[in-house]
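Descriptive analysis of the structure
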Amino acid sequence: MLTSAQLASYQKNGFLTVPKYLSIAEVASLRQSIERIISKADMATSSVFSSDDQAGSSDAYFLESAEKISCFYEEKALNERGEVIRGKASAINKIGHALHDLDDTFKAVSYKPALKNMAKQLGLAEPGIVQSQYIFKQPGIGGDVKPHQDATFLYTDPISCTGFWIALEKADRKNGCLFALPGSHRTSPLPKRFVRTGQHHETIFRALTDQKPTHWDLNEMQPIEVEAGDLVLLHGLCVHMSYANHSPRSPMPM
Ligand code: FE2
């Protein structure tokens with residue numbers, strides 16, 4: 001359960017670190033599960049994921065991943081002919097988006113009563129899990145993730161999207177930890193939302209307001225440095241980002 005001080009901090013900042021949420025054994029089991037998924041993955045049918053390239057998000061592989069366990073490459077893992085130029089485990093940007101329902105290990109962690117109780121403490125009357133992903137932050141080729149608000153992509157009215165981000169290894173400024181803009185969930189109304197549209201279900205951003213978007217000062221971004229097993233709660237309107245992994249640290253032993 002969250003303490004009243006933790007709740008007050010979340011309400012003030014829009015994010016909160018809950019230390020040691022998962023045990024080292026639970027972290028290890030999630031990592032082993034991902035290793036199994038990668039070893040079985042048919043990367044010939046995967047596609048590239050880039051947070052810069054929203055047009056790429058429209059392909060069938062991306063859209064269908066909502067109900068599957070799908071692997072997405074780093075842009076730099078392919079050569080100009082579209083061939084993978086490195087091993088699977090070091091070429092993947094992320095795996096998603098239904099790990100919470102389709103993989104037993106992820107399911108057990110995702111549906112822990114403690115997590116649901118925390119969601120209720122944050123004011124979510126009937127919390128439901130709609131998406132899960134495993135993000136790699138590959139050293140050397142992994143890109144940055146531009147500042148964004150998760151509610152843009154998981155939109156409800158009123159806003160209810162809440163991120164439960166769990167570190168599966170130490171994340172710090174050197175290997176691409178999360179950064180968040182304190183208080184931005186209170187000062188940055190959502191300017192747009194991501195929608196599927198048209199005959200071919202292409203994805204576009206649709207404006208929600210005529211107002212100019214709020215200016216985000218990246219100098220005010222705060223690093224969220226965490227240890228393996230720590231949980232970060234993230235309000236759907238809280239502006240966050242991550243830089244590329246400039247360290248040689250690799251997330252996977254494979
Ligand atoms: Fe995000």
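Up top is the structure.
Description of the structure in this document. (Residues numbered from 1 in each chain as written. Predicted model: local features only at pLDDT ≥ 70, side-chain atom pairs only at ≥ 80, totals over all residues. Heavy atoms only, no water.)

Some words on the overall build of the protein
If you tally the helices and strands in the protein, you get seven helices and 13 strands. A compact globule built from 254 residues would reach a C-alpha radius of gyration of about 18 Å, and the protein, at 18 Å, matches this within 12%. Taken along the three principal axes of its C-alpha coordinates, the protein extends 50 × 45 × 35 Å. Going through the 254 residues of the protein one by one, you find that 45% of them count as buried. Expressed as a percentage of contacts within the protein between residues at least 6 apart in sequence, the contacts between residues at least 24 apart total 79%. The averaged location of the 28 negative side-chain charges in the protein is 4 Å from the averaged location of its 27 positive side-chain charges. (Helix = DSSP H or I, 4+ residues; strand = E, 2+ residues; numbered from the N terminus. Rg over C-alpha atoms; globule rule 2.2 N^0.38 Å. Buried < 20%, exposed > 50% of the residue type's maximum accessible area, 1.4 Å probe, protein only. Contact = heavy atoms within 4.5 Å. Lys, Arg positive; Asp, Glu negative; His and termini not counted. Charge placed at Lys NZ, Arg CZ, Asp CG, Glu CD.)

Examining the sheet that holds strand β1 (residues 15-18)
Strand order in the open sheet made by the three strands is β1-β12-β7, with antiparallel pairing throughout. Looking at which strands have only one partner, the edges of the open sheet turn out to be β1 and β7 (162-166). Going from strand to strand, the sheet's axes swing by 15 degrees on average, the running direction of each strand aside. Of the strand pairs in this sheet, β7 and strand β12 (residues 231-235) are connected by five bridges, and their pairing is antiparallel. For Ile166, the partnering residue across the bridge sits in β12 and is Leu231. (Pairing = 2+ DSSP bridges. Axes fitted to C-alpha atoms, helices over the stretch in contact; angles between N-to-C directions.)

A short note on the packing of aromatic side chains
Counted under the stated rule, the structure contains eight aromatic pairs. With a centroid separation of 4.9 Å and an interplanar angle of 50 degrees, the aromatic rings of Tyr134 and Phe136 are classed as tilted. The same class applies to Tyr134 and to Phe136, which are both buried. Of the aromatic side chains, those joined through ring pairs into one cluster are Tyr61, Phe62 and Phe72. A cation over a ring is seen here: Lys112 above Tyr21, with NZ or CZ 5.0 Å from the ring centre. In this structure, Lys192 is placed above the aromatic ring of Phe205, and the distance from its NZ or CZ to the ring centre is 4.3 Å. (Phe/Tyr/Trp six-rings, centres within 6.5 Å; stacked < 30°, edge-to-face > 60°. Lys NZ or Arg CZ within 6 Å of the ring centre and 35° of its normal.)

Description of the coordination of the iron ion
The coordination sphere of the iron ion, as far as protein atoms go, consists of His148 (NE2), Asp150 (OD) and His240 (NE2), spread over 2.1 to 2.2 Å. The exposure class assigned to His240 is buried, which follows from its relative accessible area of 4%. (Donors = N, O, S within 2.8 Å, 3.2 Å for Na, K, Ca; no water.)

Thoughts on helix α2 (residues 24-40)
Look at α2: 25 Å from first C-alpha to last across 17 residues, which is about the 24 Å you get at 1.5 Å a residue. For α2, the complete set of buried residues consists of Val27, Leu30, Arg31, Ser33, Ile34, Ile37 and Ile38. The buried residues of α2 all sit within an arc of 155 degrees when viewed along its axis, so they share a single face. Residues of α2 that are exposed and point over 90 degrees away from its buried face: Ile24, Ala25 and Lys40. Taken together, the buried residues of α2 touch β3 (69-73), β4 (92-97), α4 (99-102), α5 (104-110) and β5 (132-135). (Expected span 1.5 Å × (residues − 1). Arc of directions from axis to C-beta.)

A few points about the sheet that holds strand β13 (residues 240-242)
Reading across from one edge, β6-β13-β8-β11 is the order of the four strands in this open sheet, with antiparallel pairing throughout. Strand pairing shows two members of the sheet lacking a second neighbour, β6 (145-148) and β11 (222-224), which therefore form its edges. Each neighbouring strand pair of the sheet contributes to a mean axis angle of 25 degrees, computed without reference to strand direction. Pairing of strand β8 (residues 178-180) with β11, which is carried by three bridges, proceeds in the antiparallel orientation. Among the inter-strand pairings, Phe179 is bridged to a residue of β11, identified as Pro223.

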